[in-house]
Amino acid sequence: MADSKTERYLCTDFLSCLSVIFLLALQYIQAAGFLNEPVTYESTVHVATRWICLSGAMLLSACMGFVISEKTLSWRSFKPFLRLGYIYIICSLCAMLMQKMILDQEVNFETILQILYQFMATDTTKFIAMYFMLLLASPFLSAAFRELKTYQARLTFLVISAGVSTLQPMLVISENYLLPEWCKMLAPIAGFVGGAFVKYYAKNHSKIFWAFMLLLTCVLQTVAVMFVCTERGYLYYPQFDSMASLPSLLIALLILSLFESKKRGDSGVHSFFAGASGGALCALILGDTMIDCLMPSIIENFPDMKNLLFVGFFAVPVIFILCCTIGLLLQIPVFIIRSVIIDMNTEDDEDDEEEIIPVKKQKPIRKLEPISKPMTEPVAESIHISESISEPVADSVLMPESISEPVAEPILMPESISEPVTEPILISESIPKPKKSESQVSLQEILQEKKSSTQDMQDKLSIDELIARITK
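Residues numbered from 1 in each chain as written. Predicted model: local features only at pLDDT ≥ 70, side-chain atom pairs only at ≥ 80, totals over all residues. Heavy atoms only, no water.

**Student:** Just checking my understanding: could you explain the packing of aromatic side chains for this structure?
**Tutor:** Describing an aromatic ring pair means giving the distance of the ring centres and the angle of the ring planes. A full pass over the atoms with the stated rule returns 15 aromatic pairs. Ring centres of Phe-14 and Phe-259 lie 5.5 Å apart, and the angle between their planes is 55 degrees; this geometry places the pair in the tilted category. Taken as a pair, Phe-14 in helix H1 (residues 10-32) and Phe-259 in the loop between helix H10 (246-258) and strand S4 (264-265) lie far apart in primary sequence, 245 residues in all. The class for Phe-14 is partly exposed, based on a relative accessible area of 29%. Exposure remark for Phe-259: the relative accessible area of 38% places this residue in the partly exposed category. A ring pair is formed by Tyr-88 and Phe-119, whose centres lie 4.6 Å apart and whose planes are at 35 degrees; its orientation type is tilted. Highlighted residues: Tyr-88 in helix H4 (residues 80-101) and Phe-119 in the loop between helix H5 (109-118) and helix H6 (126-147), separated in sequence by 31 residues. You can call Phe-119 partly exposed: its relative accessible area is 23%. Ring pairs connect the aromatic residues Phe-145, Tyr-151, Phe-197, Tyr-200 and Tyr-201, which therefore count as one cluster. Across from the ring centre of Trp-51, 5.3 Å away, lies the NZ or CZ of Arg-50, which sits over that ring. (Phe/Tyr/Trp six-rings, centres within 6.5 Å; stacked < 30°, edge-to-face > 60°. Helix = DSSP H or I, 4+ residues; strand = E, 2+ residues; numbered from the N terminus. Buried < 20%, exposed > 50% of the residue type's maximum accessible area, 1.4 Å probe, protein only. Lys NZ or Arg CZ within 6 Å of the ring centre and 35° of its normal.)

The following block contains the structure:
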């Protein structure tokens, strides 16, 4: 398994692709001419599809909040801008090249610079600008959200951000907006905060609850739009007809809550959607131009509006996959550079591991420490007596042959052994007591004292006396 830090959320990769498909579907509906058709009860599916697709921008920002809300501010927070900048420039140039070759649009060097600066290569390129701005603000929004520890505080943060931004298109009286227009530019912030909120608290309810709430919201919104627009005969509902409206935010957060999952992994499904989400921004730039190029042939083959809508359910995902493939091919230089850098880092790590020789830890040698309390004299005397008894027996084995022969015979007689054995015990009293304590006397000094004591005993006890005592 891969490291959990490098693994991706399957739900956000899937929903990022879905959000881009929603945004491309809006371009398909507009290019197909649905907005110019009269609104009747038969066009309910068209209206419902369009209003659901309006939540694509909010869904994309909510996915960002779901993923980035745990990250802290560091230099790595701005590392994705290198790859995103390359994707934006190269895909915008490709889109302008397609427009010049297929749609016969005039493009020169000055217009190229102006288009790149203003994010105007296609209609959907403005969402790339939203993505860049939200990525810049994400570390500060994440820090602010994490500082609010309680559920009530975080919910208040979400309500305030949503109220300031998403209510701006809806608060209209006599075509006069009660809030300034720049407020709706803050709508992606509400989506980001909503995504972070869903990550922490969506698990409090079941999937059935979120599915019911999503269906209820879509139905109520479609009924309200159809009730107003059917009387007028054309599609016009400015309070809801905006990506920054409150219904768009609610639909996006409900979809994220429905698919919310903390599962990470590197399986085949994860790898597929991870690659698709990596090319989703490319599809967001190239998809609009691709739809404009393919729409004349689609309308020619499917002139009926009813059939044209259902064709779009298949055409838009195919265009998305085609644009993702083109975008991934355009990113091959980035992948090569990244692989070279990773290989260099791994080689450096291997060299460092080879230079470092593991040193085995040796067990510390235990030192003999002197006994804290000196031994009492009776105990010390008994130790000397027992040692003096055992020593002559060991020395008797080392005596010359002339002495060992007479001593070896009485050893078999148990009665005659008792007297000579007790005799050294009495003689051992003449051994001078050491002035030093037992703890301070070394082993070598003890051996020297033992040898001197045995020699004195051998001098005092002659062979004749031993024989005389044994033969009594």
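**Student:** Please explain a nonpolar patch on the surface as it appears in this structure.
**Tutor:** A cluster of nonpolar residues, Ile-160, Val-164, Trp-182, Met-185 and Leu-186, forms a patch on the protein surface that exposes about 520 Å² of accessible area. Of note, Trp-182 is situated in the loop between strand S3 (176-177) and helix H8 (187-201). Given a relative accessible area of 56%, Trp-182 falls into the exposed group. (Patch = residues over 30% accessible without salt bridge, like charges linked within 9 Å, V, L, I, M, F, W, Y side chains within 5 Å. Areas by Shrake-Rupley, 256 points an atom, 1.4 Å probe, with all protein chains shown as cover. Salt bridge = Lys/Arg side-chain N within 4 Å of Asp/Glu carboxyl O.)

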